[in-house]
Number of protein chains: 2
Amino acid sequence: MGESEPKQAIERTQGTRVGTVMGNLRERIASRSLMPGARVPSIRVMTEALGVSKSTVVEAYDRLVAQGVIVARRGSGFFVSGHAPPLALADLGPRLDREVDPLWLTRQSLQAGSKVLKPGCGWMPASWLPEDGVRRALRAVARDPQSSLAEYSNPYGLPALRQQLAWRLAQHGVEAPPEQIVLTDGGTHALDLVCRFLLEPGDTVLIDDPCYFNFQALLRAHRARIVGVPYTPSGPDLVVFERALIEHRPRLYVTNSAIHNPTGATLAPAVAHRLLKLAGEHGLIVVEDDIFADFEDEAAPRLAAFDGLSRVVSIGSFSKTLSAAARCGYIAARAEWIEPLIDLKLATSFGNGQLTASVVHRLLVDGTYRRHLESMRAKLADAMGETMRRLGYAGLDVWTRPRAGMFVWARLPDSLDAADIARHALGANVVFAPGNVFSVSQSATGYLRFNVSQCNRPKVYEALQRAMENAAVVSERA
Amino acid sequence: MGESEPKQAIERTQGTRVGTVMGNLRERIASRSLMPGARVPSIRVMTEALGVSKSTVVEAYDRLVAQGVIVARRGSGFFVSGHAPPLALADLGPRLDREVDPLWLTRQSLQAGSKVLKPGCGWMPASWLPEDGVRRALRAVARDPQSSLAEYSNPYGLPALRQQLAWRLAQHGVEAPPEQIVLTDGGTHALDLVCRFLLEPGDTVLIDDPCYFNFQALLRAHRARIVGVPYTPSGPDLVVFERALIEHRPRLYVTNSAIHNPTGATLAPAVAHRLLKLAGEHGLIVVEDDIFADFEDEAAPRLAAFDGLSRVVSIGSFSKTLSAAARCGYIAARAEWIEPLIDLKLATSFGNGQLTASVVHRLLVDGTYRRHLESMRAKLADAMGETMRRLGYAGLDVWTRPRAGMFVWARLPDSLDAADIARHALGANVVFAPGNVFSVSQSATGYLRFNVSQCNRPKVYEALQRAMENAAVVSERA
């Protein structure tokens, strides 16, 4: 039963000297610098190399033997076992503090019970979404003799929905005929397919720092090297961006441009133009995640519009604005990439669900979605004003005033650590989103992301206040 | 615009000398033995190495330059371009005859118009599926105030459906509590997640020869080395299986055991037992795709039942028996693999659709599914008898008489080539499934797979007969 290692075991030993030795060996096995069957450095060599005691190395090796990672052969030392244990996702990248790693927030938000408040959550509460509209659409799809509810879909996805998407993209200046649009099971699935097509293990990918935290987890699953570029209120810092292009020769840049997550910033036209020029000069491909498109009152510049889907791939979904229960997203890309993307989609998921596509299509054409967007934007604008005011009273600084959307990025006073705040508030059943969840360089220690649609209860600010007082006391003592 | 290469260009040059030179270089670039920026062998060196003319190499290099794969620098030769073009899936493995590659059948079947007959298709026609039941379930889900139609699901997937799955698995002797079951967007998505968790690029995977064709496409997307083991009417050939374990040290074995696709064979208990013993001795993990479970009248042995989910992972879905439009599958695996599988699922698809899971759950609990299975099995048994009789009249030999299910694997007379038959019949709007689509060793040239639910029209046998006559004439002339 040596193939597996309970995650708890990783966590228990993390941060200790024994854990360091184990981590060192695991990394070398994971990166295949120690292949299965290879001899593991002797206890003596390891003791000297890592500057730890012999008993530490002995204990680390014993644990790795117990976990089936290495085997001991009497009289001849230790060897990498025939089958290294499967790697947990956390093993694929730099080890972060588990409490603020990119998956922490997802798990906390998804598994929270109904009594938990989630100002740090990445989506709106069900009451802000058109659940009644979804129910009506379900009944309509059930009644419609044209809807195909048993068979596999066309590999591209429901033609009528792709036609709708083509029109919607055109409104943002992105010219994508339905033949250049592929449906997926949500925005994450769209990005995953694009990465499968464009990335080889070991390729470098640029992301914004901070950015949507799941980009990091997804890119690690693709074994990409991740390089962060600081984000400014008008887009990525282009001086650092250009330096990264020269130094790291990245294959891809993944970004949200309409309304940036987590900061709420908007890409300035001049930055967009210059960014695309650099991309052209350095052979960079850009994936523009347009998932917040429909939060905007007025469309901000789109990289995909400027570029004409030449080196920009546009992805999006309806999970944030319509329903996350009906997974439906899309990829719009240059014509000759569509066939290989569909081959990959068939190979790895055999096509997306006709049922959810039919439901989404129905909501787009019957006016439900348009009406919902209008009222949702008005509600969000009110909530944005209110949240910013309350954060101001609490002593936080808003980094930039978002034009639209649901996120506010705010800095804590007095060098407080947002991870401490999040940990403390969790005890009071409030999930905050500490900045470093979004930051590959871990440079957002003092920031929190607030979702204004989840911030309308006094308890949110009470929990914030108490957590801040607690953190201040702890830091004074230290 | 150098990142892409239209697929047509690959196909046009395939099989020519110029194509050989291009293929040679592309493979070395894809495998990173030539890295971006590296110097490409000179025209003289390449001419000698491949034994082709200088003009052939010059033309190949010119085309690769035009495609942006390599760049010419005046006076100093050719270099691998900064960004090799993204690889199409077909480039990731051995190049097969495009007309019978594993994706050919999928694309033909999915994109066929309504006038096309599909005896080679892998699923049943909509009229054999409980489409009315799906409509009723949709209405019921729409009405139910308990159904959550806006929010993301619990990361494991709908608890009530996982409980149902636990009961169903127990009926096949597989003990999996709901906590060891993860919902996915279909069976392919389930296998994809398991491969993401267990495989590193370059790992070897055993598959049955023949087997479900999409296993090959999916495993190539994971950059796995694929080794086939001949399938016998009672399971894999264990002599070859054991030899493959010793020689190739595979990480995984992926199989269908209840009713084998494409052959309709059933695993014998003695083979199952011996196979698991070998797996234990060689540290092999087995993925058992149980997608045809509900076609059985009596449950055949399950590897997952014998093994108790220790080194067997069980996956399945409802796409074949209920609806392919409501994508819903599952993974049942050992307890300590569940958390990392969920991390990967969140990172790469952010969880599965609550909506489709609710619809499937409703159909399971309201009796629709049970009643549908009973009538479906009876219809399939009739169609199986009829199809086997008709294939006998046409001169084909059935390889083994399936206990249940929809597939018959049959050999053509007179050494006819099934790919020729399939190509010819396509002209008459009939899609057959040539054996080599399923065979990694391409050793099933004389076989076709028939789906008995799609074989009830005389035109199927007329097209078969005419294609066989045509192939016989062509082979006499040759």
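Residues numbered from 1 in each chain as written. Chains lettered and ligands numbered in written order. Predicted model: local features only at pLDDT ≥ 70, side-chain atom pairs only at ≥ 80, totals over all residues. Heavy atoms only, no water.

*Asks:* For this particular structure, what's the right way to read the overall build of chain A?
*Replies:* If you tally the helices and strands in chain A, you get 17 helices and 14 strands. A burial count over chain A gives 63% of its 478 residues as buried. Look at the contacts in chain A between residues 6 or more apart in sequence, and 74% of them connect residues 24 or more apart. For chain A, the computed accessible surface area is about 17,400 Å², with 50% contributed by carbon and sulfur atoms. (Helix = DSSP H or I, 4+ residues; strand = E, 2+ residues; numbered from the N terminus. Buried < 20%, exposed > 50% of the residue type's maximum accessible area, 1.4 Å probe, protein only. Contact = heavy atoms within 4.5 Å. Areas by Shrake-Rupley, 256 points an atom, 1.4 Å probe, with all protein chains shown as cover.)

*Asks:* Sorry if this is basic, but what is going on with the interface of chain A and chain B here?
*Replies:* How big an interface is tends to be expressed through the accessible area that disappears when the partners come together. Contact with chain A, which involves 98 residues of that partner, is made by 98 residues of chain B. Together chain A and chain B conceal approximately 8,400 Å² of surface at their shared face, both sides included; 56% is due to carbon and sulfur atoms. Summed over the shared surface of chain A and chain B, the result is four salt bridges. Among the salt bridges present, the one from Arg196 of chain B reaches Asp192 of chain A, with a minimum N-O distance of 2.6 Å. Viewed at the interface, chain B and chain A are joined by 29 residue pairs in polar contact (both at pLDDT 80 or more). Of all the secondary structure elements, the ones that give two or more residues to the side of chain A that touches chain B are helix H5 (102-111), helix H6 (131-143), helix H8 (187-198), helix H9 (213-221), helix H13 (335-349) and helix H14 (354-365) of chain A. Among the elements that make up the side of chain A that touches chain B, the one with the highest residue count is H13 of chain A (11 residues). Residue classes in the side of chain A that touches chain B are distributed as 48 nonpolar, 24 polar and 26 charged. (Buried area = accessible area lost by both parts, 1.4 Å probe. Salt bridge = Lys/Arg side-chain N within 4 Å of Asp/Glu carboxyl O. Polar contact = N/O pair within 3.5 Å; in protein donor to acceptor, adjacent residues only side chain to side chain. Nonpolar A, V, L, I, M, F, W, Y, C, P; charged D, E, K, R; others polar.)

*Asks:* What should I look at first to understand the environment of Ser53 of chain B in this one?
*Replies:* All names here are of chain B. With respect to the helices and strands, Ser53 occurs in the loop between helix H3 (43-50) and helix H4 (54-66). Classification of Ser53 by relative accessible area gives partly exposed; the value is 35%. Within the local environment of Ser53, its side chain forms a polar contact with the side chain of Ser55, the two groups lying 3.2 Å apart.

*Asks:* Which parts of the structure should I look at to understand the pairing of strand S10 (residues 329-332) of chain A?
*Replies:* Strand residues, when the strand is regular, have side chains that alternate between the two faces of the sheet. All names here are of chain A. The side-chain alternation of S10 yields two buried faces, one formed by Gly329 and Ile331 and the other by Tyr330 and Ala332. Direction of pairing for strand S3 (residues 181-184) relative to S10: antiparallel, over a ladder of four bridges. Bridge assignment links Leu183 to a residue of S10, and that residue is Tyr330. Sheet topology places strand S9 (residues 312-317) next to S10; four bridges connect them, and they run antiparallel. Considered in S10, the bridge of Gly316 is made with Tyr330. (Pairing = 2+ DSSP bridges.)

*Asks:* Honestly, the packing of H8 of chain A against helix H13 (residues 335-349) of chain B in this entry has me stumped. Any pointers?
*Replies:* Each pair of packed helices can be summarised by the angle the axes make with each other and by the distance between the axes. Where H8 of chain A meets H13 of chain B, the axes come as close as 6 Å, and the angle between the chain directions of the two elements is 90°. If you check the angle between H8 of chain A and H13 of chain B, you find them roughly perpendicular. Of the residues in H13 of chain B, those touching H8 of chain A at Thr188, His189 and Asp192 of chain A are Leu346, Ala347, Thr348 and Ser349 of chain B. (Axes fitted to C-alpha atoms, helices over the stretch in contact; angles between N-to-C directions. Parallel < 35°, antiparallel > 145°, perpendicular 65-115°, else oblique.)

*Asks:* Would you explain the packing of aromatic side chains in this entry?
*Replies:* Any aromatic ring pair is given by two values, namely how distant the centres are and how the planes are angled relative to each other. Per the stated rule, a full pass over the model turns up 26 aromatic pairs over all chains. Ring centres of Phe350 of chain A and Trp123 of chain B lie 6.1 Å apart, and the angle between their planes is 80°; on these two criteria the pair is classed as edge-to-face. Here Phe350 of chain A, found in the loop between H13 and H14, pairs with Trp123 of chain B, found in the loop between helix H5 (102-111) and helix H6 (131-143), and the two come from separate chains. With a centroid separation of 5.9 Å and an interplanar angle of 75°, the aromatic rings of Phe432 of chain A and Phe450 of chain A are classed as edge-to-face. With Phe432 of chain A in the loop between helix H16 (418-426) and strand S13 (433-434) and Phe450 of chain A in strand S14 (residues 447-451), the pair connects residues that are 18 residues apart, well separated along the chain. For the pair Phe432 of chain A and Phe450 of chain A, one class covers both residues: buried. An aromatic cluster is defined as three or more aromatic residues linked by ring pairs; in this entry it consists of Tyr212, Phe213, Phe215, Trp409, Phe438 and Tyr447 of chain A. Here the basic side chain of Lys379 of chain B rests over the ring of Trp128 of chain B, its NZ or CZ set 4.4 Å away from the ring centre. Residue placement shows Arg449 of chain B over the ring face of Phe407 of chain B; its charged tip is 4.0 Å from the ring centre. (Phe/Tyr/Trp six-rings, centres within 6.5 Å; stacked < 30°, edge-to-face > 60°. Lys NZ or Arg CZ within 6 Å of the ring centre and 35° of its normal.)

*Asks:* What's the story with the pattern of salt bridges in this structure? I'm lost.
*Replies:* Pairing is possible between side chains that carry opposite charge, provided their charged atoms lie close to one another. Enumeration over the complete set of coordinates arrives at 35 salt bridges over all chains. What emerges from the salt-bridge pattern is a single network uniting Asp192 and Arg196 of chain A together with Asp192 and Arg196 of chain B.

*Asks:* Is there a simple way to explain helix H7 (residues 159-171) of chain B in this structure?
*Replies:* An α-helical turn contains 3.6 residues, so any two residues separated by three or four positions project in the same direction. Residues and elements named next belong to chain B. Taking 1.5 Å of rise per residue, 13 residues should cover 18 Å, and H7 covers 19 Å from first to last C-alpha, within 8% of that figure. When H7 is considered as a whole, its buried residues turn out to be Leu161, Arg162, Gln164, Leu165, Ala166 and Leu169. Tucked inside the fold, the buried residues of H7 contact strand S3 (181-184), strand S9 (312-317), strand S10 (329-332) and helix H14 (354-365). Of the residues trailing H7, Gly173 is marked for its positive phi of about 80°. (Expected span 1.5 Å × (residues − 1).)

*Asks:* Help me understand the relation of the copies chain A and chain B, please; the structure alone is not making it clear to me.
*Replies:* Related by rotation about an axis and a shift along that axis, the two copies of the chain form a pair. Once chain A is rotated about the relating axis by 180° and shifted along it by 0.0 Å, it coincides with chain B to within an RMSD of 0.2 Å. Expressed as a symmetry operation, the mapping of one chain copy onto the other fits a two-fold axis. Of the C-alpha atoms belonging to chain A, the one lying closest to the rotation axis is found on Arg139 of chain A, 2.6 Å away. Interface residue correspondence from chain A to chain B reaches 100%, placing this contact among same-surface, isologous pairings. (Least-squares fit on C-alpha atoms with pLDDT ≥ 70 in both.)

*Asks:* Even after reading the chapter, I still don't get helix H11 (residues 269-282) of chain B, so can you show me in this structure?
*Replies:* Residue and element names in this part refer to chain B. For H11, which comprises 14 residues, the first-to-last C-alpha distance of 20 Å matches the rise-based estimate of 20 Å (1.5 Å per residue) to within 8%. All buried positions along H11 are accounted for by Val271, Ala272, Leu275, Leu276, Leu278 and Ala279. Down the axis, H11 shows its buried residues gathered within 160° of arc, on one side only. Away from its buried face, by an angle of more than 90 degrees, H11 presents the exposed residues Ala270 and His273. Buried positions along H11 lie against strand S6 (235-236), helix H10 (238-248), strand S7 (252-255), strand S8 (285-289), helix H12 (303-307) and S9. Gly283, located one to two residues past H11, shows a positive phi value of around 65°. (Arc of directions from axis to C-beta.)

*Asks:* Is there a simple way to think about unusual backbone geometry in this case?
*Replies:* Across the junction of Asn261 of chain A and Pro262 of chain A, the peptide omega takes the value 10°, indicating a cis bond. Within the secondary structure layout, Pro262 of chain A lies in the loop between strand S7 (252-255) and helix H11 (269-282). The phi dihedral of Arg223 of chain B falls on the positive side, at around 60°, and the residue is not glycine. Among the secondary structure elements, Arg223 of chain B is positioned in the loop between helix H9 (213-221) and strand S5 (225-232). Here Arg223 of chain B falls in the partly exposed class, since its relative accessible area comes to 22%.

*Asks:* Sorry, what's going on with the sheet that holds strand S14 (residues 447-451) of chain B here?
*Replies:* Hydrogen bonds between backbone groups are what pair the strands of a sheet, and the pairing can be parallel or antiparallel. Residue and element names in this part refer to chain B. Strand order across the open sheet formed by four strands is S11-S12-S14-S13, with antiparallel pairing between neighbours. Taken across any chain shown, the strands that pair with only one partner, and hence form the sheet edges, are strand S11 (397-398) and strand S13 (433-434). In the sheet, S13 pairs with S14 via two bridges, with the strands oriented antiparallel. Each bridged residue has a counterpart across the sheet, and for Ala433 the counterpart in S14 is Arg449. The sheet strands contacting helix H15 (residues 368-393) are S11, strand S12 (407-411) and S14, and the helix crosses S12 at an angle near 10°.

*Asks:* Just checking my understanding: could you explain the pairing of S9 of chain B for this structure?
*Replies:* All names here are of chain B. Within S9, six of the six residues are buried, which leaves it mostly tucked inside the rest of the structure. Taking every second residue as pointing to the same face, both faces of S9 are buried, with Val312, Ser314 and Gly316 on one and Val313, Ile315 and Ser317 on the other. Pairing geometry for S8 and S9, over four bridges, is parallel. The partner of Asp289 across the bridge, within S9, is Ile315.

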